[in-house]
Structures are given as C-alpha cells and as structure tokens.
Amino acid sequence: NIKNISSTKSDKIRVLLVTASLYEHGFWTKKQRDEILEKTLSVLSKSKNDISTIVKIHPTSEILSDYQSIINKVDSTIPIYQKEDILSFIQNSDIIISFSSFTSAILQAVADKKPIIICNFHDLGNDFLVDSGIALECKDPKKLISLIHEIKLNPPSIKKIDKFITNYF
C-alpha cells in the first residue's frame, strides 16, 4: 500500500508528529505526556512559516479530546487525526517525529524510508532506531528545528535503511 499512495508537494517541510501511547500504557505520567507534546508543538508552531505540522494519534489507545485540548492550547491551527489511515500521512510527509520507536506507525515510516526524529526530552534511555543510525534523537526542544533541517538535507542512506529492514524485519 505504501508504494501505491501518491505524494503531494509543498514548499514547506511537512512534518508528521506521531504520538506514542506511553502515558496510556503506563510508561509516562500524564504530566510527562502533556509536557513533551506542548514543548514539541510550541517549537513547531513557531516555525510554521517553514514547517507544516500534522498530528496523528493512535486510533484506539489515545483519547482524541485529551490531545485536542493540549494542541489547541498551543496552536489551534495544527490539525489532529485519529481514525484515518496512517499510510497516507506518512507518504505525504517529509519528516516523521515521534516520542518512541515502539509504535507501528514509526516502523511503517522506516519501511517507507522516511527521515525520523525521536524526541526524547525526558531522557528515557536508548532508542533502537537512534542506536541503529536510522533516526535522529532530539533531547532538547530548542534543537528540534535544526535537527529537522539536518535530517531533511542528510537523511539516513537507503542502503543503511535497507540493511536495518533486512536485519530487523
């Protein structure tokens, strides 16, 4: 399905923020989830002349109204989706941002060879995509925009991604 979806073009860098159900599954507190989401979206919102952002939350594990209240507090123009097919969002994005590699959406982004940034503002340990050189890690929200530009200009090589896919999938 990934190969059959057509991509649309944009002058802005198209960022897809894929949430991770870490609060909903007991790995984070509500405060941790809310803080990382607010910090990430605040930084992205300040660069909305150059970056367009879409948020996609888990279709069943996360509560849409919780995320809407957080997002609307930061920037009500950022669209949020829940039930829609993740593949079209991945295909039509230039860069994928998440808080963890342990989501099926991030693995789909790897399969589609999209550049990935993992926001690890809570310094929660190693991430297997970061450790493999497939994703960049952002530990400081102030560095997120520069990392977006860095990975856009220098994404992981297709060879490295293919090797990762062969080894792990």
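Along each chain, numbering runs from 1 in the same order as the chain's sequence is written. In keeping with the model being predicted, local features are shown solely for residues with a pLDDT of at least 70 and side-chain atom pairs are shown and tallied solely at 80 or more, while totals for entire chains, interfaces and linings include all residues. Excluding hydrogens and water, the side-chain values take into account all heavy atoms of the structure.

(A) Structural context of the side chain of Ser100. When you line up the elements, Ser100 lands in the loop between β4 (95-98) and α4 (104-111). Note on Ser100: relative accessible area 8%, which makes it buried. Polar contacts here mean pairs of N or O atoms no more than 3.5 Å apart (in protein, one a potential hydrogen donor and the other a potential acceptor; neighbouring residues in sequence count only if both atoms are side-chain atoms). Reaching out from Ser100, the side chain makes a polar contact with the backbone nitrogen of Phe102 at a distance of 3.0 Å. What counts as a helix is a DSSP run of H or I of at least four residues, what counts as a strand is a run of E of at least two, and both are numbered from the N terminus. Burial status follows relative accessibility: with a 1.4 Å probe on protein chains alone, a residue under 20% of its type maximum counts as buried, one over 50% as exposed, and anything between as partly exposed.

(B) Representation of the nonpolar core within the structure. Of all hydrophobic cores here, the largest spans 31 residues; its most connected members are Ile97, Ile117, Leu144 and Ile148. Listed by contribution, the elements that provide at least two residues to this core are β1 (13-18), α1 (30-46), β2 (51-56), α2 (64-74), β4, β5 (116-119) and α6 (144-153). We call two residues in contact whenever any of their non-hydrogen atoms come within 4.5 Å of each other. Ignoring anything within four residues of it in the chain, the contact list for Ile97 reads Val15, Leu16, Leu17, Val18, Thr40, Leu44, Ile117, Cys119, Leu144 and Ile148. For the purposes of this section, nonpolar cores are sets of buried Ala, Val, Leu, Ile, Met, Phe, Trp, Tyr and Cys residues that join through side-chain atoms within 4.5 Å. Counting 18 residues, the second largest nonpolar core, distinct from the first, contains Phe89, Ile90, Ile116 and Ala135.

(C) The arrangement of the sheet that holds strand β3 (residues 80-81) in detail. The six strands lie next to each other as β3-β2-β1-β4-β5-β6, forming an open sheet whose pairing is parallel. Each edge of the open sheet is held by one strand with a lone partner, namely β3 and β6 (135-138). One bridge is not enough; two strands pair if DSSP finds at least two bridges between them. Pairing between β4 and β5: three bridges, direction parallel. Residue pairing for β5: Ile96 is matched across the bridge by Ile116.

(D) Up close: the packing of aromatic side chains. Stacked, edge-to-face and tilted are the three classes for Phe, Tyr and Trp ring pairs, Trp counted by its six-membered ring, which pair at centre distances within 6.5 Å; planes under 30 degrees apart are stacked, over 60 edge-to-face, the rest tilted. By the definition in use, this model includes six aromatic pairs. Centroid distance Trp28 to Phe99: 5.9 Å. Interplanar angle 45°. Geometry classified as tilted. With Trp28 in the loop between β1 and α1 and Phe99 in the loop between β4 and α4, the pair connects residues that are 71 residues apart, well separated along the chain. On the basis of relative accessibility, which here comes to 8%, the residue Phe99 falls in the buried class. For the ring pair Phe102 and Phe128, a centre distance of 5.1 Å and an interplane angle of 35° mean the geometry is tilted. In this pair, Phe102 sits in the loop between β4 and α4 while Phe128 sits in helix α5 (residues 128-131), placing the two residues 26 residues apart along the sequence. Feature note: the residues Phe102, Phe128, Phe164 and Tyr168 constitute an aromatic cluster, connected by ring pairs.

(E) Spatial organisation of the pairing of β4. Side chains Ile95 and Ile97 of β4 all project onto a buried face; the interleaved residues Ile96 and Ser98 project onto the opposite face, where all are buried too. Here β1 runs beside β4; their pairing, made up of four bridges, is parallel. Paired with Leu17 across the two strands is Ile97, which belongs to β4. By convention, a crossover is right-handed whenever its connection, traced from the first strand over the helix to the second and viewed with the strands pointing away, goes clockwise. Crossover connection from β4 via α4 to parallel β5: handedness right-handed.

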